[in-house]
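Analysis of the macromolecular model
Residues per chain, in single letters:
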Amino acid sequence: MSALLEMRAITKTFPGVKALDEVNLTVRQGEIHALVGENGAGKSTLMKVLSGVYPAGSYDGEIHYDGALAEFRDISDSEKRGIIIIHQELALVPLLSIAENVFLGNENARNGVIDWQGTFQRTEALLRKVGLREAPTTLVDKLGVGKQQLVEIAKALSKEVRLLILDEPTAALSEADSQALLDLMLELKVQGVTSIIISHKLNEVRRVADTVTVIRDGSTVSTMDARSHPITEAAIVRDMVGRDMAHRYPERQRRAGEVLMEVSDWNVWHPEHVDRQVIRSASLHVRAGEVVGIAGLMGAGRTELAMSLFGRSWGRNVSGTVKIRGQEVDVSKVDRAIAAGLAYVTEDRKSLGLILEETIQRNVTLANLQGVSSGGVLNENAETEVSEKYRRAMNIRTPSVFQKVMNLSGGNQQKVVLSKWLFAGPEVLILDEPTRGIDVGAKFEIYGIINELSAQGKGVLMISSEMPELLGMCDRIYVMNEGALVGELTAAEASQERIMSLIVTE
Amino acid sequence: MALAEQTGGETATKSVGDYLLSHLREYGLLFALIAIMVFFQIVTGGTLLRPVNITNLLLQNSYIIIMALGMLIVIVSGNIDLSVGSVMGFIGALAAVLIVNMGLPWLLTILICLVVGGLIGAAQGYWVAYWKIPSFIVTLAGMLVFRGLSLWLLEGQSVGPFPREFQTIANGFVPDIFPAAIGQALAPVFDARQVNVLALITGIVAAAIIVWGGMRKRARNKAYGVVDEPRSFFIARNVIIGAALIFIMYKLSTFRGLPNVLITMGVLTIIYAFLTERTVTGRRIYALGGNQKAAKLSGIKTERLTFLAFVNMGILAAAAGLVFAARLNTATPKAGFSLELDVIAAVFIGGASMSGGVGKIVGAVVGAFLMGVLNNGMSIMGIGIDYQQMIKGLVLLAAVIFDVYNKSKQG
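Residues numbered from 1 in each chain as written. Chains lettered and ligands numbered in written order. Predicted model: local features only at pLDDT ≥ 70, side-chain atom pairs only at ≥ 80, totals over all residues. Heavy atoms only, no water.

You'll find chain B entered in an unreviewed UniProt entry as Xylose transport system permease protein XylH, with Salipiger thiooxidans given as the organism. The annotation that UniProt attaches to chain B under Function (unreviewed entry) is "Part of the binding-protein-dependent transport system for D-xylose. Probably responsible for the translocation of the substrate across the membrane." Under the heading Subcellular location (unreviewed entry), UniProt records this for chain B: "Cell membrane". (UniProt positions renumbered as here; feature names shortened; annotations may be inferred.)

As recorded in an unreviewed UniProt entry, chain A goes by Multiple monosaccharide ABC transporter ATP-binding protein and comes from Salipiger thiooxidans. UniProt lists a comment for chain A under the heading Subcellular location (unreviewed entry), and it reads "Cell membrane".

In structure tokens, the structure reads:
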């Protein structure tokens, strides 16, 4: 098979930093090529070079595309040649409909007048193709992240795509939707679309990829061909981090103590669709020192359950009781929930967890400013000491705590969010997708922190869409489906199959 | 992302030039103010810094600065208040009606006016905070309503004059507490007819406090290893600020001493700088403006904080209204017309961000003075109001472009 794309000795330098150092990447016609590497390894930079975000001339090296030297000046230039990139951060207009978004900039128009009938029909066809059951007129705003991802792919398909680049496409997707998406990629491959997939989920990479290229610290480390011999996850991880990672989940002494938090008969209705009950009489408990997982598909109501528990931050007509150490507590406002001993680490750290423009220090102390002040006056020395303490304890990689949070990588940002909540001194932490979008090394560190918390006797309630993570970390797993807790499995009983069968049969 | 970490690491060891580049905004504002003052001092043949003109400059800009303090908080919290000019005019009118027409004591009137200002802020803040109606719209409505109310209250007439005690809010001076003999003894030294010793000493003490505070902060930062301002910069900055302060106070001392308004402004500026930079409430306001959702999920009562920001703005607009009316010694239906734009411009020139979460009290005050010196200097030069407006507009645009450019270079 001939090469569709050949990137030769790409070097890209930013002031003071070599982001890419003679990177080579060869993508053959009609294959699925996985690009893996830790956050900050240079994957995104490489794709920006390819798509023309960094125009020809701003980097060294050559790009050969479709048999000719390609020098893209900007994104539209590369899109014209059929190179379409779908970014991790979706680029949809929330208040436009699906159809309008799919054909944005590529409108189905004659003499500037849009043919809506045709637009809707073509959108419907595309949506069927990507397996999204929504009307083309639905506003993107009303869709979850996973469905928005599918809209992005539909949008790419609406163009004459030859090389589809997916940057972390399944990061926000549930297990089932991820599977569907991967199937979709395989189907597109049959139709002749070449794809590059950037992913942290190695089981997915193994499932779809024909070739895997590993990048570390701005250099190509290895390229593995799945057709010559099967690729193991261990081999990829070794190349990614430059060391063997025998245990993906650190060991932990499992010892559950007294019941720390008990939620009974929790009911929540949708804030906009008044007649839709999102959480149906959920009851659960978390013991001291226990890590409890909540498994479920996207839309099962896991985040909604967590946020409604945490100061009724989501939903309306919330009812039910929460007890901490047997005492009923008031969690009707966020500050009361914090005072009662709860903390909620959001799945969406950038828009709900952090103030990106502020420093690490100011983010860490935000949920417990009383702890660094007296009489309402802040003690900046104490603030610096506290944030320095967490910087060291959490191993937040930054020159100083006065760095703005926006300058940190995803893993380090997540550690800042965790620091913030640990400093608030909670009894029970609700972690919503705590390792989403962060690299293998940082994940391992986050797992270590979770274990440390449980060793201290805190209760941890962990929501995750990655089943291996739940199975690797949790003592007990609740299975959630359509707003109800449909099953409960101990670590010994739990397996991916059992969780899925609970979801499917209930 | 590793890239960002590494460039961050580089800033730890930076040269003087790099430092200046990364803090261009803060120094730029100060230098711009000094440069403009020097420029006008030369082209007006020394009129700008004559004691009487400095006094004038302070009086003319006092109400803008008082409102800029509140506006900074409103803008940092992620909102805007377009009604302050009208509210200021309305409170002036209210004061005139209460004192002149109804004969109420002036102290009681001041109290009533401040309470009414707070209520006006509360009325607007309520819709913004609890109903999530954009502040632009609520306060635009307020602007029209209170302009109309002033007209109605004054029945289209000017009302005045005010009693002498009320006038001293704006036009009074702090009496020299030191024996007159000292002043007379000093007068020949400065080649002046008289010297107000209190003003002179206030200047020296204020400069000393600023330098001392700066040194303490620097020592503290050093203890935590976060010193990034080169020593030469630290010294130069403090010498310039200290010298300027003493110079201005010396000039004032050779005229009538410290204007009451200057004390009011100074005290309010210190209070609000402390509130925004050192208190829990202040920090929460920045968090609210920086990311409202994250702030709310961190247990901050975002609605109440927004509400209080508007109440505070209302009270300060009322205070400004009292100063304005006292200065003119009359309340007119036109008072405060389009003044909200000057206040907002001062805050943005001072470095605040339209999207909230960024901005400093000192910046807003310097921004207001910058506009004030421009106004005053151009008026002395006899430049027409037409050119004045254009120049002020371009200065605002330039300041914000500078901000955006700076940010994109750093980002």
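**Considering the environment of Leu184 of chain A**
As for its placement among the helices and strands, Leu184 of chain A is situated in helix α6 (residues 175-190). Non-local contacts of Leu184 of chain A, meaning those with residues more than four positions away in its chain, are made with Lys129, Val130 and Ile153 of chain A. (Helix = DSSP H or I, 4+ residues; strand = E, 2+ residues; numbered from the N terminus. Contact = heavy atoms within 4.5 Å.)

**Here we look at the sheet that holds strand β6 (residues 83-86) of chain A**
All names here are of chain A. The sheet built from six strands is open, its strands ordered β6-β9-β10-β3-β11-β12 with mixed pairing. Edge positions in the sheet fall to β6 and β12 (219-225), since each has one partner strand and no second. Shown here is a sheet whose adjacent strand axes are inclined to one another by a mean of 15 degrees, direction ignored. Judged from the four bridges that link them, β6 and strand β9 (residues 163-167) form a sheet pairing that is parallel. (Pairing = 2+ DSSP bridges. Axes fitted to C-alpha atoms, helices over the stretch in contact; angles between N-to-C directions.)

**Things to note about the pairing of strand β3 (residues 32-36) of chain A**
All names here are of chain A. In terms of residue burial, β3 counts as a mostly covered element, since five of its five residues are buried. Direction of pairing for β3 relative to strand β10 (residues 194-198): parallel, over a ladder of four bridges. Residue Leu35 lies in a different strand from β10, and its bridge partner there is Ile198. Relative to strand β11 (residues 211-216), β3 runs parallel, the two sharing four bridges. In the sheet register, Leu35 faces β11, and the bridge partner there is Thr213. (Buried < 20%, exposed > 50% of the residue type's maximum accessible area, 1.4 Å probe, protein only.)

**Here's the deal with the packing of helix α8 (residues 164-171) of chain B against helix α15 (residues 302-328) of chain B**
Residues and elements named next belong to chain B. Contact geometry of α8 with α15 gives a least axis separation of 7 Å together with a crossing angle of 110 degrees. On the basis of their axis angle, the class for α8 and α15 is roughly perpendicular. Every residue of α15 that contacts α8 at Phe166, Gln167, Ile169, Ala170 and Asn171 is listed here: Leu322, Val323, Ala325, Ala326 and Arg327. In terms of residue class, the contact of α8 with α15 is made up of seven nonpolar, two polar and one charged. (Parallel < 35°, antiparallel > 145°, perpendicular 65-115°, else oblique. Nonpolar A, V, L, I, M, F, W, Y, C, P; charged D, E, K, R; others polar.)

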